[in-house]
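# Coordinate analysis (summary)
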Number of protein chains: 2
Amino acid sequence: MAETVEQNNVQSQLASISESLNDGTFVQVRKLLHDLQPSDVALLLESSPSKTRNELWQLIDADFHGDVLEELSEDVRNGIISKMVPSSVVDALEDMDTDDLAETLSSLPDPVLQSILKSMDAQDRLRAEKALSYGEETAGFIMNTDTITLRPDVTIDVVLRYLRLKGELPENTDTLYVVNRHDNLIGTVPVTKLLTSPPDMSVNEIMNEEPETIPVDMSDSEVASMFERYDWLSAPVIDKNKTLVGRITIDDVVDIIREDAEHSMMSMAGLDDEEDTFAPVGKSTQRRSIWLGVNLVTALMAAAVSDLFEATLSQLAVLAILNTIVPSMGGVAGNQTLTLVIRGMALGHVSQSNSVWLIKKELAIGFLNGVIWATLIASVIALWKQDFMLGVVIAFAMMMNMIAAGLAGATLPIIMKRLNIDPALAGSVILTTITDVVGIFAFLGTATLFLI
Amino acid sequence: MAETVEQNNVQSQLASISESLNDGTFVQVRKLLHDLQPSDVALLLESSPSKTRNELWQLIDADFHGDVLEELSEDVRNGIISKMVPSSVVDALEDMDTDDLAETLSSLPDPVLQSILKSMDAQDRLRAEKALSYGEETAGFIMNTDTITLRPDVTIDVVLRYLRLKGELPENTDTLYVVNRHDNLIGTVPVTKLLTSPPDMSVNEIMNEEPETIPVDMSDSEVASMFERYDWLSAPVIDKNKTLVGRITIDDVVDIIREDAEHSMMSMAGLDDEEDTFAPVGKSTQRRSIWLGVNLVTALMAAAVSDLFEATLSQLAVLAILNTIVPSMGGVAGNQTLTLVIRGMALGHVSQSNSVWLIKKELAIGFLNGVIWATLIASVIALWKQDFMLGVVIAFAMMMNMIAAGLAGATLPIIMKRLNIDPALAGSVILTTITDVVGIFAFLGTATLFLI
């Protein structure tokens, strides 16, 4: 009867599989794996350290290798493929849809890709090269070529007989495409419309004559945002001559939507989107070191600013104690603005026409934040350190830094986008450098003028 | 002919609309708005400051109010509804699907909701109360009730005649449901199967007898991850008695997938998921102040740790200059780990069975990071400040803090999740407090022992 697989189930299966693995009862593991869906096997592999992952892979029926590979994330998939014999990879790729084939092949390191292409027979190689011919992250790259096309002048009755003869429709077919003799797309017919229309009507009487289409070179993020905005289930892809070349279905778009949404979060923490949670230690350390290196440089820059005020610091140790408060508050406020603007840009809300308004708004928030937190910190410090002037000095620095944070948080992503730099990747580190430098300079500079 | 609406088009429309608004040519604006799809009007409203937003709303044909409202994000929608007369809201809600109705009503502040319910006639109120009866963020809340059900013993020919009589199927219908006389779901029939099967076969011969179902009280995030994992387009929802109560379609799930993915990024920056980029200054300042307040407390805690070493700091001003480097590096490394683990948990990769492995891995990375960055910082400082012992002291502190960062970054989200606290919301601030305190304590503590 009706049955539900919940995440917890998969995790308990994971537990029993890893238990059986530890016990060395491989027959048991093989049986457990056999009963899972390919996407659940993929989840299992992604949830396992690389050693276990390789053991598990050996125990998966080779017939399912292709189905599992297409469900895996890039990093994990590449790790597994690089350990397989090229001829087994070729076997696994055989039944993949064009879009999955393109994705799998394109992410492989070049030497691995070449050795796999070399092991293919001529026909498979042609198919693979065709799949790879569209640029990565374009509509052509994520489309499938298994469209069902109709001629406009046939009756629905004929169409129904044709479909019954075919026996099965490609997965996720919700729309049939109407083309003229040059294969130009001239209309679409939802399958539900075929069901509800009288059999003696002709296709051109029921077809939608102005279908929304996707150019084959549109970027995949733009494709995703159109699917999301217009609630499409599928859309036809056309080339420059308006010839139908394929279709994109929502299940492929869902992955792009998630990846795009995750991209900002991962980038802002200095991580690669595809970073595998269970990658080996050495690989992870290496990947994360770029970001730490950049941060070391900015931390040294902040220290160099403090260094300018060594004389002041040696006279008043209390300044050293309070020196981190203003930069820290500026960093948080600036990152709030930055994150909001980056998300607004990803959703298509921020454009040239409203960016000035947005910058003014964030500047106003910076000013207001400045008033609030300057007052608060001045009171706390005046009470804690029993020094009114010290309170005034830190309040002034807080005010300056909050305004700088609002301004930098709003303008940085807008400027970076215009320069074609990904704001999620470098925005946060540049912002923090600004708020650190302004914060320290304002605090120690004002202190040097008024307290020494 | 085939036509494509790109994001840029919408933004140029936005530009010409705001131009016309400024010129006061409202007739022109009204015309431009009339030609847009509801989702594009929604994008326009979301991309406008609240003053413009209200002006635009007045110019949208009241017949489209409902269609536009259901496309808006929560914050923006509530802002508009709170300015409408209750009776116009009731008119706008009339044609909404149950799931959109539930979402719209549930997010309203209680007084507004009550006044709207009061303006409804008995039938509408009943429908609204039914839509609200399922808990927010459950399958029941996001489902639609417009299922088409079949009996198992009829022939396909009869089904086809029935559907032709109906004339139109509910939006995004890809599957019909087979129920017994108690309305229990006993099978599903994809519409494509109806097209390809011989008309004289009966429904129970072609139906899928073990359909995957969703319990009405499953959380919406879990629903989303199942749709994503199994590439579903729709799924039937059943109650405790296995009675079919509705269906969930992928277009509603796409929104949840994006929101879940964005949630972590927004929370980690101390923002509300629904925060409107163009909200008024006062409202935004207030919303963001909680996070700044929390950060002020942690910054003061870090200052208090430095305060313990006031004597040391007053003897050696160079320590004040370098005091921010170790906490900053620890914060970045810890946040990398934290972000990765939070994402791994969201994807269902991290569970009890592998969390120990994961903590060990991140601890090892922390150790390796420690070795690398301690060596590097020691060399830089020994050269810059011409002081070998100072280099050794900062290297030791860096080593300690990197290990603390890896340990805290991996364990914090796991512990917090077990305590039912959202790690994306508070994880980052707790982590930074730990790396600040450990970093300062290790650096100034070691310096006091060895340099004074």
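Residues numbered from 1 in each chain as written. Chains lettered and ligands numbered in written order. Predicted model: local features only at pLDDT ≥ 70, side-chain atom pairs only at ≥ 80, totals over all residues. Heavy atoms only, no water.

## Here's the deal with empty space enclosed by the protein
Using the criterion set out here, one finds seven cavities of 30 Å³ or more in the structure. Roughly 1,200 Å³ of internal volume is contained in the largest cavity. Around the largest cavity sit 42 residues that line it, and Asn335(A), Thr432(A), Val332(B), Asn335(B) and Thr432(B) are the ones nearest its centre. Listing elements by their share of the lining of the largest cavity, those giving two or more residues are α16 (250-268), α17 (281-307), α20 (325-346) and α23 (423-450) of chain A together with α16 (250-268), α17 (281-308), α20 (325-346) and α23 (423-450) of chain B. For the lining of the largest cavity, the element with the highest residue contribution is α20(A), accounting for eight residues. By volume, the second largest cavity is sized at about 60 Å³. In terms of lining, the second largest cavity is formed by Arg258(A), Glu262(A), Met265(A), Asp260(B), Ala261(B), Ser264(B), Ile342(B), Arg343(B) and Ala346(B). (1 Å grid on protein atoms, 1.4 Å probe; cavity = no way out; pocket = protein on both sides within 12 Å on 5 of 7 lines; lining within 4 Å. Points joined across faces, edges and corners; volume = space filled by probe spheres on them. Helix = DSSP H or I, 4+ residues; strand = E, 2+ residues; numbered from the N terminus.)

## Focus: the domain arrangement of chain A
Looking at chain A, the domain boundaries give domain 1 (20-133), domain 2 (149-249) and domain 3 (281-450). If you average the C-alpha positions of domain 1 of chain A and of domain 2 of chain A, the two centres end up 32 Å apart. (Domains from an automatic or database assignment.)

## What to know about the relation of the copies chain A and chain B
Once turned by 180 degrees and shifted 0.0 Å along the axis, chain A lies on chain B with an RMSD of 0.1 Å. With respect to symmetry, the two chain copies, as superposed, fit the operation of a two-fold axis. In this assembly, 98% of the residues forming the interface of chain A have copies in chain B that are likewise at the interface, indicating an isologous arrangement. (Least-squares fit on C-alpha atoms with pLDDT ≥ 70 in both. Contact = heavy atoms within 4.5 Å.)

## A few points about the UniProt feature "domain: CBS" (unreviewed entry) in chain A
Residue and element names in this part refer to chain A. The UniProt entry lists residues 143-206 and 207-265 under the feature "domain: CBS" (unreviewed entry), expressed in the numbering used here. The span residues 143-206 shows a helical share of 33% and a strand share of 20%, and its end C-alpha atoms are spaced 26 Å apart. Across residues 207-265, the secondary structure splits into 46% helix and 22% strand, with the terminal C-alpha atoms separated by 43 Å. (UniProt positions renumbered as here; feature names shortened; annotations may be inferred.)

## Side note on the interface of chain A and chain B
On the side of chain B, 131 residues touch chain A, which itself brings 134 residues to the contact. Both sides of the chain A and chain B interface together cover about 12,700 Å² of buried area, and 63% of this is carbon and sulfur. Measuring nitrogen to oxygen at the nearest pair gives 2.6 Å for the salt bridge that ties Lys385(A) to Asp307(B). Counting residues per element, the side of chain A that touches chain B draws most heavily on helix α21 (residues 352-384) of chain A, which supplies 17 residues. (Buried area = accessible area lost by both parts, 1.4 Å probe. Salt bridge = Lys/Arg side-chain N within 4 Å of Asp/Glu carboxyl O.)

## Focus: the nonpolar core
Nonpolar side chains in soluble globular proteins tend to be buried together. Membership of the largest hydrophobic core comes to 116 residues, with the highest contact counts inside it found for Ile248(A) and Ile248(B). Ignoring anything within four residues of it in the chain, the contact list for Ile248(B) reads Ala139(B), Ile142(B), Met143(B), Ile214(B), Val223(B), Phe227(B), Leu233(B), Ser234(B), Ala235(B), Val237(B) and Val253(B). Counting residues in each nonpolar core, the second largest holds 80 residues, with Ala378(A), Leu292(B), Ala320(B) and Met329(B) among its members. (Core = buried A, V, L, I, M, F, W, Y, C linked by side-chain atoms within 4.5 Å. Buried < 20%, exposed > 50% of the residue type's maximum accessible area, 1.4 Å probe, protein only.)

## Quick look at the packing of aromatic side chains
Inspection of every chain in the model, using the stated rule, returns eight aromatic pairs over all chains. Here Phe278(A) and Trp357(B) contribute two aromatic rings whose centre-to-centre distance is 5.7 Å and whose plane-to-plane angle is 40 degrees, an arrangement assigned as tilted. Separated into two different chains, Phe278(A) in the loop between α16 and α17 and Trp357(B) in helix α21 (residues 352-384) make up a pair that spans both. With centroids separated by 5.6 Å and ring planes inclined at 80 degrees, the aromatic side chains of Phe309(B) and Phe441(B) adopt a geometry described as edge-to-face. With Phe309(B) in the loop between α17 and α18 (310-315) and Phe441(B) in helix α23, this residue pair connects regions lying 132 residues apart in the sequence. By relative accessible area, Phe309(B) is classed as buried at 11%. (Phe/Tyr/Trp six-rings, centres within 6.5 Å; stacked < 30°, edge-to-face > 60°.)

## A short note on helix α15 (residues 220-230) of chain A
Of all the eleven residues making up α15(A), ten are buried; the element is thus mostly covered by neighbouring parts of the structure. One or two residues past the end of α15(A) sits Asp231(A), with phi positive at roughly 55 degrees.

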